[in-house]
Amino acid sequence: MSILVLGGAGYIGSHTVYELIDAGEDVVIADNLETGHIEAVHPKARFYKGDIRDRAFVDCVFDNEKIDAVIHFAANSLVGESMVDPLKYYDNNVNGTKVLLQSMVAHGIDKIVFSSTAATYGEPEKIPIEETDKTEPTNTYGETKLSMEKMFKWTAKAHGLRFVSLRYFNACGAHKSGEIGEAHSPETHLIPLILQVPNNQREFISVFGDDYDTKDGTCIRDYIHVTDLAQAHILAVKYLMAGNESNIFNLGNGVGFTVQEVIETARKVTGHPIPAKIEGRRAGDPAQLVASSVKARTILGWNPEHADLEEIIASAWKWHKAHPHGYAK
């Protein structure tokens, strides 16, 4: 099976490529390296540098490679940035996906697995969140991802495309080999920010709000190991290859941890005191986001193997300790 991974030099994309190659699949990567890293590209994958907004580039990849299915990670994904530069997100995420789909239709490629997000739901009405819950994003990033999902739906009706959209929660952790991991600039994710303290890159970790209606007043999130996410993408490709219909799945462990619990676990893993400083709430932060992944477990047969928070943080710490500046030498 030949799989094209768009954004395969990024965090989740690169981990998915590693898992695909371990499973014996043929992998092609396309990435513009805006936020991805050439060092994260698996040596056994064929790499094309280019942008999915460039129709000639996308056509070239499909002309040169016999692709069975596409996994689509190529998107901007910073919530804060999306609110100050929304048109960048519409251009890259929505317009890029439109160009991609035009080329897929022209080349008769009809299977795609899409990296979506819990941000499509917005402020949840209930916990855990199910796939049938209303989708009312509270930021541009979530809105563009929802627009991309709808583009797949209507392209499916018109052209016979089949898609799986995977809405995931807080991706974290790093590959067991320590070869690849999380490297964002700027970094916005909680676990790598916490680990910057024992790595002597910041003096303390900021906690935004301690007056939420949770057990210790801090926000609750559902943390999912990046390798478990990668495995879900592979199962989704197999689901489509088996002829199944288009579908949407949540990916999460179904267990929420507070910010304070994550910090405490990081203290245990690193042996560092990790001072924390309480700040005011951030606008748009829901008190809790926890997924119901019953559907993915039942239909895809997905079973997260790295759900233990201590294991997740230990894998991240192994990577960050060895690569304090990400892939930069």
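These figures come from a predicted structure and were not determined experimentally. (Residues numbered from 1 in each chain as written. Predicted model: local features only at pLDDT ≥ 70, side-chain atom pairs only at ≥ 80, totals over all residues. Heavy atoms only, no water.)

Strand order in the open sheet made by the 3 strands is 12-9-14, with mixed pairing throughout. The two strands at the open ends of the sheet, each matched to only one other strand, are strand 12 (257-258) and strand 14 (288-289). Bridging between strand 9 (residues 220-221) and strand 14 involves 2 bridges; their strand directions are parallel. From the neighbouring strand, Ile 220 faces strand 14, where its bridge partner is Gln 288. (Pairing = 2+ DSSP bridges. Helix = DSSP H or I, 4+ residues; strand = E, 2+ residues; numbered from the N terminus.)

Over its 14 residues, helix 10 (residues 309-322) extends 20 Å from the first C-alpha to the last, a length consistent with the 20 Å expected when each residue adds 1.5 Å. Every buried residue belonging to helix 10 is among Leu 309, Ile 312, Ile 313, Ser 315, Ala 316, Trp 317, Trp 319 and His 320, and all of these are buried. Those residues of helix 10 hidden inside the fold are in contact with strand 7 (170-172), helix 6 (190-195), strand 10 (223-225), strand 12 and helix 8 (259-270). Where helix 10 begins, one side-chain oxygen reaches toward the backbone nitrogen of Glu 310, 3.3 Å away; that side chain belongs to Asp 308. (Expected span 1.5 Å × (residues − 1). Buried < 20%, exposed > 50% of the residue type's maximum accessible area, 1.4 Å probe, protein only. Contact = heavy atoms within 4.5 Å. Polar contact = N/O pair within 3.5 Å; in protein donor to acceptor, adjacent residues only side chain to side chain.)

Here we take up the packing of helix 1 (residues 11-22) against helix 7 (residues 226-241). The interhelical angle for the contact between helix 1 and helix 7, taken along N-to-C directions, is 65°, at an axis separation of 8 Å. For the pair helix 1 and helix 7, the sense of crossing is right-handed. Of the residues in helix 7, those in contact with Tyr 11, Ile 12, His 15, Thr 16, Glu 19 and Leu 20 of helix 1 are Val 226, Thr 227, Leu 229, Ala 230, Gln 231, His 233 and Ile 234. Residues that form the contact of helix 1 with helix 7 fall into these classes: 7 nonpolar, 5 polar and 1 charged. (Axes fitted to C-alpha atoms, helices over the stretch in contact; angles between N-to-C directions. Left-handed = near helix turned anticlockwise from the far one by under 90°. Nonpolar A, V, L, I, M, F, W, Y, C, P; charged D, E, K, R; others polar.)

Here we come to the packing of helix 2 (residues 55-64) against helix 4 (residues 86-107). Where helix 2 meets helix 4, the closest approach of the two axes is 9 Å, and the angle between their N-to-C directions is 35°. The two elements helix 2 and helix 4 cross, and the hand of that crossing is right-handed. Contacts between helix 2 and helix 4 involve Arg 55, Val 58, Asp 59, Phe 62 and Asp 63 from the first element and Val 99, Leu 100, Gln 102, Ser 103, Met 104, Ala 106 and His 107 from the second. The residue inventory of the contact of helix 2 with helix 4, partitioned by class, reads 6 nonpolar, 3 polar and 3 charged.

The computed volume of the second largest pocket comes to approximately 170 Å³. Lining the second largest pocket are Glu 19, Asp 22, Ala 174, His 175, Lys 176, His 225, Thr 227, His 306, Glu 311 and Ser 315. Those elements that place two or more of their residues in the lining of the second largest pocket are helix 1 and helix 10. In terms of residue class, the lining of the second largest pocket is built from 1 nonpolar, 5 polar and 4 charged. (1 Å grid on protein atoms, 1.4 Å probe; cavity = no way out; pocket = protein on both sides within 12 Å on 5 of 7 lines; lining within 4 Å. Points joined across faces, edges and corners; volume = space filled by probe spheres on them.)

This brings us to the packing of aromatic side chains. Within this structure, the stated rule accounts for 4 aromatic pairs. Judged by centre distance (5.9 Å) and plane angle (90°), the ring pair of Tyr 239 and Phe 249 falls under edge-to-face. Taken together, the residues span a long stretch of sequence, with Tyr 239 in helix 7 and Phe 249 in strand 11 (residues 247-251) at a distance of 10 residues. Aromatic rings pair up to connect Phe 114, Phe 152 and Phe 163 into one cluster. Of note, Arg 281 hangs over the ring of Tyr 212, and the distance from its end group to the ring centre comes to 3.9 Å. (Phe/Tyr/Trp six-rings, centres within 6.5 Å; stacked < 30°, edge-to-face > 60°. Lys NZ or Arg CZ within 6 Å of the ring centre and 35° of its normal.)

Ile 12, Val 27, Val 113, Val 164, Leu 166 and Leu 251 are the most contacted members of the largest nonpolar core, which has 34 residues in total. Breaking this core down by element, the ones donating at least two residues are strand 1 (2-6), helix 1, strand 2 (26-31), strand 4 (69-72), strand 6 (162-168), helix 7, strand 11 and helix 9 (294-300). Sorting elements by how many residues they give to this core places helix 7 first, with 8 residues. Among all residues touching Leu 166, those that are not within four sequence positions of it are Val 113, Phe 114, Ser 115, Ser 116, Thr 117, Ala 232, His 233, Ala 236, Phe 249, Leu 251 and Leu 300. Val 58, Val 61, Ala 74 and Phe 163 belong to the second largest nonpolar core, which has 27 residues in total. (Core = buried A, V, L, I, M, F, W, Y, C linked by side-chain atoms within 4.5 Å.)

Let us look at empty space enclosed by the protein. Taken as a whole and assessed by the stated rule, the structure comprises 2 cavities of 30 Å³ or more. Volume-wise, the largest cavity comes out at about 50 Å³. Around the largest cavity, the lining residues are Tyr 121, Glu 123, Pro 124, Glu 125, Ile 129, Asp 133 and Lys 134. Classifying every residue of the lining of the largest cavity by side-chain character gives 3 nonpolar, no polar and 4 charged. The calculated volume of the second largest cavity comes to roughly 40 Å³. Every residue lining the second largest cavity is listed: Leu 4, Leu 6, Ala 30, Ile 52, Phe 57, Val 58, Val 61, Phe 62 and Leu 100. Contributions of two or more residues to the lining of the second largest cavity are made by strand 1 and helix 2. Looking at the lining of the second largest cavity, the element that brings in the most residues is helix 2, giving 4 residues. Taken together, the residues of the lining of the second largest cavity break down into 9 nonpolar, no polar and no charged.

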